Amino acid sequence: MKKIAVLTSGGDAPGMNACIRAVVRTALNNNMDIYGVERGYAGLIKGEISRLGTRSVSDMIHKGGTFLKTARCPEFKDKEVQKEAVEALSAYGIEGLIVIGGDGTFRGAKDLIENFGVPVVGIPGTIDNDLSYTDFTLGFDTAVNTVLWAINNLRDTMHSHDRVCLLEVMGRQCGDIALYAGVAGGAEYVLVPEVPYDLDEISAAIKKSYLRGKTSNMIILAEGAGKRDEIAAYIKEKSGISVKVTNFGYIQRGGSPNMQDRLLAARFGYKAVEILRDDGESCAVGIKNNKIITVPFSEVNNGAKFDKNLYEIARVLSL
Ligand code: ADP
Ligand code: F6P
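Report follows, based on the coordinates.

With that settled, the discussion passes to a negative patch on the surface. On the surface, Glu-75, Asp-78, Glu-80, Glu-84 and Glu-87 cluster together into a patch of negative charge. Assignment of secondary structure puts Glu-84 in helix H3 (residues 79–91). For Glu-84, a relative accessible area of 37% translates into the label partly exposed.

This is the structure in structure tokens:
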């Protein structure tokens, strides 16, 4: 293949810019033309496509967000709308597409492949880490470290005031951000969608710990595991101890990618271009045991990858 395009879609994630840079420079190194699509599928159907050069990605490696912009485009589920995307690609003579995004983005990619035969390579880019075929998605590591920064700050103030706090983090239906940050931050309780929890038990344990002199407790709540205010109110009612609630929100999605995410960006981007250059099968790239892997889009979410052992470690270390 000689002419390819790249887009970012769904929620932005730290490392997307570094990954676009890797795609652009690998393509140019292989004498391929590389185009950037703005605003994900929303821009693709409107033909917001322009040629990228090596300088288009200068001074990008350290920047959060995505300079190509991203968007949610619900109408892309419609086959007629997907056809507009295919027409836009053909208008530029683009032979293959690299999409950087999450689960939804990959569903869009699968439709382009199956409905129209467009060759697509997917790069997992989302802070949620909610694709089971890959150990890590681009942006997850940076986001967890940002949450860790918040946990450290919360610890200072909560400990000083002898308070119990609840911090809600993102992740959609995946508890990985909460779990990894919870273990690394020494949280007492980690509430995730993958494991049922008992608020009566938690309330009783908090009360008991309070009576034996442990007056500060931290609960990390994954957004998919319950409603923060209801949980805090319930614990207060059952234990008599008030819970200070913080929703960390969009801060965790921005910021400069760390070393892990910049390396992933480079390796994913390089591999994705190689596949299109060699006219390889459409697939998603990922990382397993520190090796770059490829899988068909139909297998990106086969089976769960929630780390039950890490969850058990979180429980044991919080005692
Ligand atoms: P993410 O890619 O991070 O999971 P979204 O779920 O918002 O984020 O998906 C990104 C975009 O992918 C959507 O806005 C939509 O354009 C497209 N998409 C999502 N689901 C589908 C689907 N079932 N079929 C086709 N396209 C989809
Ligand atoms: O998928 C990334 C993510 O940040 C999720 O963790 C969160 O639920 C969602 O996106 C928020 O979406 P939006 O940016 O549309 O509010």
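Okay, back to it.
For the rest of this paragraph, the subject is the sheet that holds strand S1 (residues 3–8). A sheet is described by the order of its strands in space; here seven strands give the open sequence S3-S2-S1-S4-S5-S10-S11, paired in mixed fashion. Edge positions in the sheet fall to strand S3 (49–51) and strand S11 (291–295), since each of these pairs with one other strand and no more. With direction set aside, neighbouring strand axes in the sheet form an average angle of 25°. Alignment of strand S2 (residues 33–37) against S3, held across three bridges, turns out to be antiparallel. Looking at the pairing, Val-37 lines up with Ile-49 of S3.

This brings us to helix H4 (residues 103–116). Here H4 is 14 residues long and its end C-alpha atoms lie 20 Å apart, about the 20 Å a rise of 1.5 Å per residue gives. All of the buried residues along H4 are Thr-105, Phe-106, Gly-108, Ala-109 and Leu-112. For H4, the arc enclosing every buried residue in end-on projection is 155°, short of the 170-degree limit, so these residues lie on one face. Residues of H4 that are buried make contact with helix H2 (40–45), H3, strand S4 (96–101), strand S5 (120–124) and strand S10 (283–288). Backbone geometry just after H4 places Gly-117 at a positive phi near 70°.

The subject of this paragraph is the nonpolar core. Ranked by internal contacts, the top residues of the largest apolar core, which has 76 residues, are Ile-4, Val-6, Ile-98, Ile-100 and Ile-123. Ranked by residue count, the leading element in this core is helix H5 (residues 140–160), at eight residues. Not counting residues up to four positions away in its chain, the partners in contact with Ile-4 are Ala-27, Met-32, Asp-33, Ile-34, Tyr-35, Ile-94, Gly-96, Ile-98, Val-273 and Leu-276. Within the second largest apolar cluster, 31 residues are counted, among which are Val-37, Ile-94, Phe-106 and Leu-131.

Bringing the site of ligand 2 into the picture now. Every residue lining ligand 2 is accounted for by Arg-72, Thr-126, Asp-128, Met-170, Gly-171, Arg-172, Glu-223, Tyr-250 and Arg-253. Between ligand 2 and Asp-128 there is a distance of 2.7 Å, counted from an oxygen atom to a side-chain nitrogen or oxygen. Within the contact set of ligand 2, an oxygen atom lies 2.5 Å away from a side-chain nitrogen or oxygen of Glu-223. Its free accessible area being 400 Å², ligand 2 has 77% of it covered by the protein chains. For the shell around ligand 2, a count of residues per class yields two nonpolar, two polar and five charged.

Quick notes on the rules
Residues numbered from 1 in each chain as written. Chains lettered and ligands numbered in written order. Predicted model: local features only at pLDDT ≥ 70, side-chain atom pairs only at ≥ 80, totals over all residues. Heavy atoms only, no water. Patch = residues over 30% accessible without salt bridge, like charges linked within 9 Å, V, L, I, M, F, W, Y side chains within 5 Å. Areas by Shrake-Rupley, 256 points an atom, 1.4 Å probe, with all protein chains shown as cover. Salt bridge = Lys/Arg side-chain N within 4 Å of Asp/Glu carboxyl O. Lys, Arg positive; Asp, Glu negative; His and termini not counted. Charge placed at Lys NZ, Arg CZ, Asp CG, Glu CD. Helix = DSSP H or I, 4+ residues; strand = E, 2+ residues; numbered from the N terminus. Buried < 20%, exposed > 50% of the residue type's maximum accessible area, 1.4 Å probe, protein only. Pairing = 2+ DSSP bridges. Axes fitted to C-alpha atoms, helices over the stretch in contact; angles between N-to-C directions. Expected span 1.5 Å × (residues − 1). Arc of directions from axis to C-beta. Contact = heavy atoms within 4.5 Å. Core = buried A, V, L, I, M, F, W, Y, C linked by side-chain atoms within 4.5 Å. Near = heavy atom within 4 Å. Polar contact = N/O pair within 3.5 Å; in protein donor to acceptor, adjacent residues only side chain to side chain. Nonpolar A, V, L, I, M, F, W, Y, C, P; charged D, E, K, R; others polar.

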